Amino acid sequence: MQLDLRLPMGLMFSAFGALLTIFGLVSDEALYQRSLGINVNLWWGLVLLAFGLAMLALARKGRTRA
Amino acid sequence: MDQIQLGAVDYAILIVYFAFVLGIGWVLRRHVKSSEDFFLSGRSIPTWIAGLAFLSANLGAQEVIGMAASGAKYGIMTSHFYWVGAIPAMVFVGVFMMPFYYGSKARSVPEYLRLRFDEKTRGFNAITFALMTIFSSGISMYALAKLLELILGWDFNASIVVSAVIVLVYIFLGGLTSAIYNEVLQFFLIVLGFLPLVLLGLKDVGGWSGLVQKLHPVATSAGYAEGAWTDSWKHLGSAGANPMGVEWFGMMMGLGFVLSFGYWCTDFLVVQRAMAAENMGAARRTPVLAAIPKALFPALVIVPGMIAIALHHQTGGFLPMNADGTPNYNLAMPALLIHYLPTGLLGLGLTALMASFMSGMAGNVTAFNTVWTYDIYQSYIKPGQSDRHYLRMGHAATVFGIVASVAAAYATTRFNNIMDMLQLVFAFVNAPLFATFLLGMFWRRATGHGAFYGLLLGTLAAAAHHGLTLPAGGVPGIKGAFLGAALHTYPSEMAQNFWTAILAWTTCFLGTIVISLLTTCRKTDAELVGLVHSLTPKPAEGHLAWYERPATLGVAVLGLTIVLNLIFW
């Protein structure tokens, strides 16, 4: 196994999550009229951040075990 | 369709994605030391990665854009491509066929044909497959550039160059491993990029029950029973009772058996991912495990199309219209992305869309460079060279594959009808192929002459059937009846395609049997060990836990598929 894929995957989705969460926090509410009034950037950003961090935790656990 | 402007956060997401894709190729370049590393990942890929790559290699434009378009045009019946077509075929290839592909140590599907039959059968398959992958990759590139031009106003040429260079760099650096790793990345990106779209769309139309209610008038206004867009089996009694224009036998035999098994069991593009797995058990589990997310994919790609047509019927103009006054179904997914996703999440959705096109391109290019190097160059042009020589040829073939794909993309812009014709010819070649493999693996008496001439007969039967029939409303030409007057008119193009495939497969199957019985089998039993079922020891499974056994997993996946069929009956 040349590269634990969970590491780049965790980093990438954490970056996406952080970008969307921050943008969701600072953006204007009017932006979310098209998404039924839901601040989807904030909520989905948190989902992506959680997914990314979970992947990083799995990669770290795998490296410790190895 | 109005063009949209992306925000800085959208571009940031796109740039982060491209950086990771190229970074993976860069990190993996150090591990490519032999041709087996480059073309087969050194046969070291774990099951979960191989499984998701097996699924993702098929997640090109056809899947994401095409299935959403079919969801809008035909409703939930589109799920037959999954629950009748793909899933049983994926279980079959994992449980019954991978022992021969993997166990024979063949490096490609055409090479299996050489080992089992003879050189001419391999040559026929290798050359048609290599050409087909280039055209498929080019058409994918063209579709991506056209889409980006339409919805973002991006320059067509720039989109072609950027997508081609990115795919070229990461495959050139890391070979098949890089393609597989990026396909897994793309799989998660596609799921997480489109899921919010489905959730918002369903919330907007009042959940699944609200969607069903909104699709009733869509069906009745088209002259069908009100459940025609929301029932998958109830209206298959006759071809005229459903929007697909097919009846249950054509569906089960044409799509469920011939076309689906022909694609999932013999197409090297997907089989290559399983052949890269780390051992026989992993190779057999790869397609079976891939079938689990595949069974749930209709929620991600078909339901959006159904939401789009419901909104179109409700508002009278959600989808852009074609010149002939029909909705442009191909824009169902992009229209939903623009309708529901604000700046930020829109960047993620568009990145997912680009990822799907690029994974389709990369899958085709990696399959092409392997078949070109092993099955054409090493076999017919320069045999007996060093491994390093073939590794260099693999790199050169990758560059050539991308350049040829770009040329095919531009050819599509100028000679659209020729590209349609080429795709039709490839369909004729592919339809009978599964019969050849089925007989090769499960009938020891099948001979090389039987396989080769059976394939030719099947291909000719497909061309003849298409040339003497027409779909309703079709004009003679590429749609059929190019050999003279139409002897039969089918209710739809899909019905015509399904029956063309059935006839091609049956002709190939019977032709191969008859010719094999009339010719001498030149392979000894010793040569056929590992290639034919009756002469090959069963793979050892005693050391595997019950849940790791491919047959157990296969039964579970088929059970899930039956449940899904019953829920949406």
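Residues numbered from 1 in each chain as written. Chains lettered and ligands numbered in written order. Predicted model: local features only at pLDDT ≥ 70, side-chain atom pairs only at ≥ 80, totals over all residues. Heavy atoms only, no water.

With respect to the overall build of chain A
- The number of helices and strands found in chain A is two helices and zero strands.
- Here the C-alpha atoms of chain A give a radius of gyration of 15 Å, more than 25% beyond the 11 Å that 2.2 N^0.38 yields for 66 residues.
- The principal-axis extent of the C-alpha atoms belonging to chain A is close to 50 × 15 × 15 Å.
- Taking all 66 residues of chain A together, the buried fraction comes to 39%.
- Carbon and sulfur atoms make up 65% of the accessible area of chain A, which amounts to about 3700 Å² in all. (Helix = DSSP H or I, 4+ residues; strand = E, 2+ residues; numbered from the N terminus. Rg over C-alpha atoms; globule rule 2.2 N^0.38 Å. Buried < 20%, exposed > 50% of the residue type's maximum accessible area, 1.4 Å probe, protein only. Areas by Shrake-Rupley, 256 points an atom, 1.4 Å probe, with all protein chains shown as cover.)

Comments concerning the interface of chain A and chain B
- Taken together, the contact pairs 26 residues of chain A with 36 residues of chain B.
- Roughly 2900 Å² of surface becomes buried between chain A and chain B when both sides are summed, with 83% attributable to carbon and sulfur atoms.
- For the interface between chain A and chain B, the tally reads zero salt bridges.
- At the junction of chain A and chain B, the tally comes to four residue pairs in polar contact (both at pLDDT 80 or more).
- Elements with a contribution of two residues or more to the side of chain A that touches chain B: helix H1 (6-26) and helix H2 (40-65) of chain A.
- The element best represented in the side of chain A that touches chain B is H1(A), accounting for 11 residues. (Contact = heavy atoms within 4.5 Å. Buried area = accessible area lost by both parts, 1.4 Å probe. Salt bridge = Lys/Arg side-chain N within 4 Å of Asp/Glu carboxyl O. Polar contact = N/O pair within 3.5 Å; in protein donor to acceptor, adjacent residues only side chain to side chain.)

Side note on the packing of aromatic side chains
Residue and element names in this part refer to chain B.
- Scanning the model with the defined rule gives 38 aromatic pairs over all chains in all.
- Taking the centre distance of 5.7 Å and the plane angle of 45° together, the rings of Tyr17 and Phe18 count as tilted.
- In this structure Phe18 comes out as buried when scored by relative accessible area, which is 15%.
- Through successive ring pairs, a cluster of aromatic residues spans Phe92, Phe96, Phe100, Phe257, Phe261, Phe434, Phe442, Trp505 and Phe509.
- One cation-aromatic arrangement involves Arg29 over Trp26; the distance from NZ or CZ to the ring centre is 3.6 Å.
- For the cation-ring pair, Arg107 lies above Tyr374, with the distance from its terminal atom to the ring centre recorded as 3.7 Å. (Phe/Tyr/Trp six-rings, centres within 6.5 Å; stacked < 30°, edge-to-face > 60°. Lys NZ or Arg CZ within 6 Å of the ring centre and 35° of its normal.)

Considerations on a nonpolar patch on the surface
Residue and element names in this part refer to chain A.
- Among the surface-exposed residues, Ile22, Leu25 and Val26 lie close enough to one another that they form a single nonpolar patch of about 340 Å² accessible area.
- Following the sequence through the fold, Ile22 ends up in helix H1.
- A relative accessible area of 54% places Ile22 in the exposed class. (Patch = residues over 30% accessible without salt bridge, like charges linked within 9 Å, V, L, I, M, F, W, Y side chains within 5 Å.)

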